[in-house]
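# A closer look at the structure
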Amino acid sequence: MNRRTFLMQTVGLIALAGCATTSEPTLGADGKPLPRVYRINPADERAISFRLLDSVNTLRAAKSLPQLTFDASLNAAAATHSRDMSVQNRPWHFGSDGSSPLVRAQRSGYTGRLLGELISETYETELETLSSWMAQPDTRAVIMEPLATRLGFAWFQEPGGKLWWTLMTGA
């Protein structure tokens, strides 16, 4: 390709890029952007789980902390709690039956030591949620707990798109 043709194609691409429309976010009554719905397809569930696990382990590796691995019992306890928070329509650490994170972990068969639980009610992705958790000292401490070796992670998505995330750590 000669130089003139290359330059003409480059100028053409730049001109086309300038014609592209960008959608402005829809604003709510408070003037802030309304959340965009993050739809989780069943085919993406495994990728979402491992994307979060890999991200957590990357953060932990930066502090020379041990890697976490998924624990099926903690995953089950997290899934149960995510759905239950949706039923209750409130993000909190107690189940509709009064159960604590420790009781839910035990009910699901977890025999290790439960170290922490993080929850979120949001329309954000798993990585945006992780970022929010890392931004606060108390929730960051759960993720970065040096004794943690096990991870439970799950969510429940309502038909309207709202997500209820639960992350549990154990040793």
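Quick caveat, the model's predicted, so the values are computed rather than measured. (Residues numbered from 1 in each chain as written. Predicted model: local features only at pLDDT ≥ 70, side-chain atom pairs only at ≥ 80, totals over all residues. Heavy atoms only, no water.)

### Some words on the environment of A61
Put simply, the rule is: Numbering goes from the N terminus for both helices and strands, where a helix is a DSSP run of H or I of at least four residues and a strand is a run of E of at least two. Think of it in three bands: with a 1.4 Å probe and only protein chains considered, a residue is buried below 20% of the maximum accessible area for its type, exposed above 50%, and partly exposed in between.
Here A61 is to be found in helix 2 (residues 45–61). A relative accessible area of 42% means that A61 is categorised as partly exposed. The spacing of A61 and M144 is 83 residues in sequence and 9.8 Å in space, taken between C-alpha atoms.

### Structural notes on the side chain of H81
To keep it simple, the criterion reads: What makes two residues a contact is simply this: any of their non-hydrogen atoms within 4.5 Å.
Here H81 lies in helix 3 (residues 72–88). In this view, H81 contacts W92, H93, F94, G95, R104, E117, I119 and T166; residues no more than four positions away in its chain are not counted.

### A short note on the sheet that holds strand 2 (residues 114–122)
This is how it is decided: In short, DSSP must find at least two bridges between two strands for them to pair.
Pairing in this open sheet of 4 strands is mixed, and the strands run 1-3-4-2 from one edge to the other. A single partner strand is all that each edge strand has here, and the edge strands are strand 1 (69–70) and strand 2. As judged from the 8 bridges shared by strand 2 and strand 4 (residues 163–170), these two strands associate in the antiparallel manner. Its bridge partner being in strand 4, I119 is matched across the sheet by T166.

### Brief notes about the confidence of the model for the protein chain
Close reading of the predicted structure is inappropriate where its pLDDT is low. Heads up, the condition is: For every residue, the predictor states its confidence as a pLDDT score lying anywhere from 0 to 100.
Per-residue confidence for the protein chain gives a mean pLDDT of 86; residues scoring 70 or more make up 83%. Between residues 5–22, whose pLDDT stays under 50, and residues either more than four places distant or in other chains, the model counts 2 contacts.

### Let's talk about the nonpolar core
Put simply, the rule is: As used here, the term nonpolar core means buried Ala, Val, Leu, Ile, Met, Phe, Trp, Tyr and Cys residues forming a set that is joined through side-chain atoms within 4.5 Å.
Ranked by internal contacts, the top residues of the largest apolar core, which has 21 residues, are I143 and F153. Residue assignment for this core shows that the elements contributing at least two residues are helix 2, helix 5 (126–134), helix 6 (137–143), strand 3 (150–157) and strand 4. The element that contributes the greatest number of residues to this core is helix 2, accounting for 4 residues. When near neighbours in sequence (up to four residues on either side) are disregarded, F153 contacts I48, S49, L52, F70, N75, A78, E126, W165, T166 and L167. Grouped together as the second largest cluster of nonpolar side chains are 8 residues, A77, A78, Y110 and M168 included.

### Some details on the packing of aromatic side chains
For the record, the criterion: Two rings from Phe, Tyr or Trp (for Trp, the six-membered ring) form a pair when their centres are within 6.5 Å of each other. A pair whose planes differ by under 30 degrees is stacked, one over 60 is edge-to-face, and the rest are tilted. Put simply, a charge is over a ring when the Lys NZ or the Arg CZ is close to the ring centre, within 6 Å, and near the line of the ring normal, within 35 degrees.
Evaluated as defined, the whole model comprises 5 aromatic pairs. Both rings, one in W92 and one in F94, keep their centres 5.5 Å apart while their planes meet at 65 degrees; by these two values the pair is edge-to-face. Overall, the relative accessible area of 31% leaves W92 in the partly exposed class. Relative to W165, the ring of F153 lies with its centre 5.5 Å away and its plane at 10 degrees, an arrangement referred to as stacked. Placement of F153 in strand 3 and of W165 in strand 4 is noted, with a sequence separation of 12 residues between them. The pair formed by F153 and W165 is uniform in burial state, with each residue classed as buried. Linked through ring pairs, F153, W155 and W165 together constitute an aromatic cluster. Sitting above the plane of the W92 ring, R90 keeps its charged end 3.8 Å from the centroid.

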